[in-house]
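Listed here are the chains, written in short residue letters.
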Amino acid sequence: MIAELGLAALWLSAALAVLQMVAGAMGYRSDKASLAIYARPAAVVQAFLATLAFFLLLYAFAITDLSIKLVATNSHSMKPFVYKLTGTWGNHEGSMLLWVAVLALSGGLLAGLERRLPERTMSATLGVQGFVALGFYAFLILSSNPFERLPVPAPEGSGLNPLLQDIGLAIHPPTLYIGYVGLSVAFSLAMGALITKQVTPDFAKVMRPWVLAAWVFLTFGIGAGSYWAYYELGWGGWWFWDPVENASLMPWLAATALLHSVSVLAARDALRTWTIMLGVVAFSMSMLGTFLVRSGVLTSVHAFAVDPERGTFILVLLGLYIGGALAVFALRASTISEGKRFSATSREGALVFNNVMLSAILAIVLLGTLYPLLTEAFDVRVSVGPPYFNPASAIFAIPMFAVMAVGPLLRWKDDNPRRIQFELALLGAVVIAIIAVVAIFGEYPVLPILGLAFAIALAIGAFLPLRGRNLKRVPTATWGMVLAHFGVAVSLFGMASESAFTSERLAAVAPGDIEEVAGWSVELESVSPVAGPNWTAFEARLNVSRGDGETVEMRPQNRNFWAPPQATSESALLTRWDGQLYIVIGDAAGVDEAGNQRWQLRVWWKPFVTFIWYGGLIIVLGGIISIVGRMQVDLKRRRFAAKAKQRRDEEAELGGGVVPEPAE
């Protein structure tokens with residue numbers, strides 16, 4: 001009964017998406033169209049039904065309903081309960097249902113809460129959102145039905161990929177999906193404003209919180225995924241420029257540019273065309289990421305789909321959405337007025353420069369991601385990795401960081417750089433001093449050292465806009481900007497330090513052997529078998545110490561799961577303020593001269609690597625504070641408008657007439 005109810009909810013949601021799309025189109029053509037009034041209710045009810053369908057699937061996984069094919073192929077009765085739940089979206093069909101549920105819920109919130117846009121613009125927006133949702137409903141129902149029944153219930157489930165049996169599965173995919181879907185709402189708003197020729201600061205103020213929220217969730221999701229891969233995969237890296245990693249990075253780069261552009265439009269009535277274009281590009285990148293992960297063209301722990309028909313379906317959707325949006329943009333772009341002009345030496349100019357740099361980095365990542373796929377179609381296999389991505393991105397990232405440090409110090413519209421010559425001299429001196437000091441003490445790669453220098457300069461520059469101001473009167477949104485920029489500096493510092501100063505030791509050790517790495521002493525005490533709820537493992541007991549410090553026990557494992565059968569490495573991490581000790585135990589490696597069993601042991605000391613994720617959390621915190629600040633401003637404006645209206649009503653009542661509202 002669960003499967004039937006869930007599938008019925010999906011069909012009804014799809015029907016409501018059709019109604020929303022048609023009603024939105026009618027509302028755009030005429031405010032008095034008979035169907036136009038149904039666009040908002042259709043979106044709200046659709047949100048309820050899609051969310052209901054997802055929770056029904058969640059319940060099916062919770063009780064391990066083996067009559068449902070998806071549960072039988074991706075779960076197991078002996079699996080820990082938390083992984084039964086997270087396994088709901090640890091597969092293709094379940095993850096797409098989560099995507100659709102979040103998409104519908106976002107559309108319902110937009111329809112139910114937003115009242116600031118002109119009704120024609122809102123109708124067009126809801127129509128576009130219904131069109132986007134309909135494509136995903138069709139994909140889910142016709143080619144990826146999560147509620148498909150088995151002819152005969154399976155006696156036992158096949159289990160979930162052991163790499164996905166981690167708390168990271170509860171955090172990483174949902175947060176990324178919320179970010180992707182937030183960009184779909186931004187896309188719908190951009191199309192609605194473009195269609196109705198209402199690309200105004202008021203439109204930007206509505207769009208900004210959706211972009212900001214999407215950017216916050218994307219930032220958190222990418223950071224969580226990076227740390228999950230770092231400790232789970234056992235290879236000691238936090239980013240490898242894998243195509244699936246890039247699939248999440250590209251929307252983030254576009255969303256970052258869009259966030260700054262929409263902020264300029266909201267505050268200064270500039271960058272109108274740029275904002276619409278970035279709204280299309282950001283959603284295009286999320287759709288492209290969906291295609292890469294769901295089409296089967298990539299093989300990884302992320303790529304659930306291997307059916308070419310599914311890939312073709314998504315490719316058709318990509319062509320419809322993005323091709324249609326670009327066609328509308330080409331037809332309507334000339335109708336968008338220019339907006340207010342500004343000088344190159346202004347805050348707007350700095351934001352435009354950095355948006356161009358972000359766009360260039362996006363193009364580099366896009367080319368490096370798609371090029372191997374294109375060559376493989378002609379039976380030519382090439383590998384594009386860090387040797388391409390790192391230097392090519394740095395060409396644009398370094399000037400971007402430099403402008404990012406000084407941009408917030410500039411005034412809006414026009415400014416003279418001489419006004420901030422002290423700040424410019426200070427930041428320049430910091431960069432030169434850091435590079436000189438590091439060069440004196442050793443030979444290190446150029447890019448990490450540049451990253452280290454600009455990270456420290458950016459950290460200082462993040463707080464310079466507060467210089468000379470009354471901190472109690474600094475707007476909340478400004479604090480959010482300061483924290484977000486400081487978070488970027490902290491993450492960049494961690495990346496540069498880990499890349500430049502990491503030490504590694506690979507050895508075959510027997511009990512009693514001691515290895516040294518970067519001042520750390522690592523002694524293997526023993527290796528013994530242990531068992532978990534659905535795995536067995538060899539667990540090493542290691543005694544580690546640094547100098548005369550206390551001895552700490554670490555226990556890395558080499559696990560073997562049986563449902564499905566797979567071996568994994570469970571790393572052991574020891575975190576200190578200045579870095580992290582990372583240890584992995586491998587397979588048996590013969591015996592030593594005394595007849596003792598030896599084991600492969602890999603040890604890294606990674607200076608300040610945790611700053612990568614600390615910085616990410618600070619960025620997220622800055623984004624949340626900015627959202628709160630914008631909400632406070634909007635609330636004050638609404639209260640002021642309500643009081644002004646009340647005064648006008650009272651004056652009209654006392655005067656016996658109608659007092660006209662002031663002109664905008």
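Source: prediction; values computed, not measured.

Engineer: Go over the overall build of the protein chain with me, naming the residues and quoting the values.
Structural biologist: Counting its secondary structure elements, the protein chain contains 17 helices and ten strands. Against the compact-globule benchmark of 26 Å for 664 residues, the protein chain has a radius of gyration of 28 Å, which places it among compact chains. Its C-alpha atoms give the protein chain principal-axis dimensions of roughly 105 × 75 × 55 Å. Here the protein chain holds 664 residues, and 53% of them are scored as buried. Counting contacts in the protein chain only where the partners sit at least 6 residues apart, residues at least 24 apart contribute 72% of the total. When the accessible surface of the protein chain is totalled, it reaches about 29700 Å², and 64% of it is carbon and sulfur. Averaged over its 48 positive side-chain charges, the protein chain has a centre that lies 14 Å from the centre of its 47 negative ones.

Engineer: Kindly report on the side chain of T64, identifying the contributing residues and their values.
Structural biologist: Position of T64 relative to the elements: it lies in the loop between α2 (39–62) and α3 (69–74). Here T64 falls in the buried class, since its relative accessible area comes to 11%. In terms of polar contacts, T64 uses its side chain to reach the side chain of K84, at 3.3 Å. In contact with T64, other than residues within four places in its own chain, are V71, S75, H76, S77 and K84.

Engineer: Please give an account of the nonpolar core that cites residues and values.
Structural biologist: F136, Y137, L189, F203, M207, W215 and F401 are the most contacted members of the largest nonpolar core, which totals 160 residues. Among the elements that take part in this core, helix α8 (residues 201–232) stands out by supplying 15 residues, more than any other. The residues touching F136, leaving out its near neighbours within four places in the chain, are M96, W99, V100, L103, M287, L317 and Y321. One finds W520, A572, I585 and L601 within the second-largest nonpolar core, a separate group that totals 20 residues.

Engineer: Can you lay out the packing of helix α10 (residues 272–294) against helix α12 (residues 347–376) for me, pointing to particular residues and giving the numbers?
Structural biologist: Remark: α10 packs on α12, axes separated minimally by 13 Å, with the N-to-C direction vectors making an angle of 25°. Taken together, the axis directions place α10 and α12 in an arrangement best described as roughly parallel. Considering the relative orientation of α10 and α12, their crossing is left-handed. Contacts between α10 and α12 involve W274, L278, V281, M285, L288 and L292 on the former and, on the latter, N355, V356, S359, L362, L366, T369, L370 and L373. Residues of the contact of α10 with α12, tallied by class, amount to eleven nonpolar, three polar and no charged.

Engineer: Go over the pattern of salt bridges with me, naming the residues and quoting the values.
Structural biologist: Counted according to the given criterion, the structure contains 15 salt bridges. The partner of R602 in a salt bridge is E504, and the shortest N-O contact between them spans 2.6 Å. Of this pair, R602 sits in strand β10 (residues 597–607) while E504 is found in strand β1 (residues 503–509), placing the two residues 98 residues apart along the sequence. A relative accessible area of 34% means that R602 is categorised as partly exposed. E504 gets classed as partly exposed once you look at its relative accessible area, which sits at 43%. A single salt-bridge network, built from bridges that share partners, covers E4, D65 and R149.

Engineer: Account for the packing of aromatic side chains, with residues named and values stated.
Structural biologist: Centre distance and the angle of the planes are the two values used to describe a pair of aromatic rings. Counted according to the given criterion, the structure contains 30 aromatic pairs. For the ring pair Y227 and W613, a centre distance of 4.7 Å and an interplane angle of 70° mean the geometry is edge-to-face. Of this pair, Y227 sits in helix α8 while W613 sits in helix α17 (residues 611–655), and the two are 386 residues apart along the sequence. Overall, the relative accessible area of 28% leaves Y227 in the partly exposed class. In this structure W613 comes out as buried when scored by relative accessible area, which is 10%. Linked through ring pairs, W99, F131, F136, Y177, Y180, F187, F283 and Y321 together constitute an aromatic cluster. The cationic tip of R559 hangs over the ring face of W535; the distance from NZ or CZ to the ring centre is 3.8 Å.

Engineer: How would you summarise the environment of L212 if you had to cite specific residues and measurements?
Structural biologist: Position of L212 among the secondary structure elements: in helix α8. When residues no more than four places from it in sequence are discounted, the contact partners of L212 are L259, G623, S626 and I627.

Engineer: Which residues make up unusual backbone geometry, and what values do they have?
Structural biologist: Even without being glycine, L271 reaches a positive phi, approximately 65°. Even without a glycine there, the phi angle at F608 is positive, about 55°. As for its placement among the helices and strands, F608 is situated in the loop between β10 and α17. The class of F608 is buried, set by a relative accessible area of 18%.

Engineer: Hey, could you go over the environment of N543 for me, with residue numbers and the actual values?
Structural biologist: With respect to the helices and strands, N543 occurs in strand β4 (residues 535–546). A sequence separation of twelve residues divides N543 from R555, and the C-alpha atoms of the two residues are 9.1 Å apart. If we ignore the near neighbours within four places in the chain, the residues touching N543 are S521, V522, E523, E525, T551, V552 and E553.

What counts and what doesn't
- All residue numbers refer to positions counted from 1 along the written sequence of the respective chain.
- Local features in a predicted model are, by the rule used here, given only for residues with pLDDT of at least 70; side-chain atom pairs are given and counted only at 80 or more, and totals for whole chains, interfaces and linings are based on all residues.
- Excluding hydrogens and water, the side-chain figures rest on all heavy atoms present in the structure.
- Labels follow the DSSP assignment, with helices taken as runs of H or I lasting at least four residues and strands as runs of E lasting at least two, numbered in each case from the N terminus.
- Values of the radius of gyration come from C-alpha atoms, whereas the globule rule sets the reference at 2.2 Å times the count of residues to the power 0.38.
- To sort residues, take the accessible area from a 1.4 Å probe on protein chains only and compare it with the maximum for the residue type: under 20% means buried, over 50% means exposed, and anything in between is partly exposed.
- Whether two residues are in contact is decided by their heavy atoms, any of which lying within 4.5 Å being enough.
- Note on areas: Shrake-Rupley, 1.4 Å probe, and residue coverage restricted to the protein chains presented here.
- We treat Lys and Arg as the positive residues and Asp and Glu as the negative residues; His and chain ends play no part in the count.
- Here the site of a charge means atom NZ of a Lys, CZ of an Arg, CG of an Asp or CD of a Glu.
- Definition of a polar contact: a pair of N or O atoms within 3.5 Å, with one able to donate and the other able to accept a hydrogen when the atoms are protein atoms, and with sequence-neighbouring residues admitted only if both atoms are side-chain atoms.
- Definition of nonpolar core: a set of buried residues of the types Ala, Val, Leu, Ile, Met, Phe, Trp, Tyr and Cys, connected through side-chain atoms within 4.5 Å.
- Here an axis means a line fitted to C-alpha atoms, over the contact stretch when the element is a helix, while the angle between two N-to-C directions is reported on a 0 to 180 degree scale.
- Roughly parallel refers to an angle under 35 degrees, roughly antiparallel to one over 145, roughly perpendicular to one between 65 and 115, and oblique to any angle outside these ranges.
- Whether a crossing is left-handed or right-handed is set by the direction in which the near helix is turned from the far one by less than a right angle, anticlockwise for left-handed and clockwise for right-handed.
- Here the nonpolar group is Ala, Val, Leu, Ile, Met, Phe, Trp, Tyr, Cys and Pro; Asp, Glu, Lys and Arg are the charged ones; every other residue, Gly included, is treated as polar.
- Here, a salt bridge means any side-chain nitrogen of Lys or Arg that lies within 4 Å of a carboxyl oxygen of Asp or Glu.
- Think of it this way: a Phe, Tyr or Trp ring, Trp meaning its six-membered ring, pairs with another when their centres are within 6.5 Å, and the plane angle makes it stacked under 30 degrees, edge-to-face over 60, tilted otherwise.
- When the NZ atom of lysine or the CZ atom of arginine is within 6 Å of a ring's centre and also within 35 degrees of its normal, the charge is said to sit over that ring.

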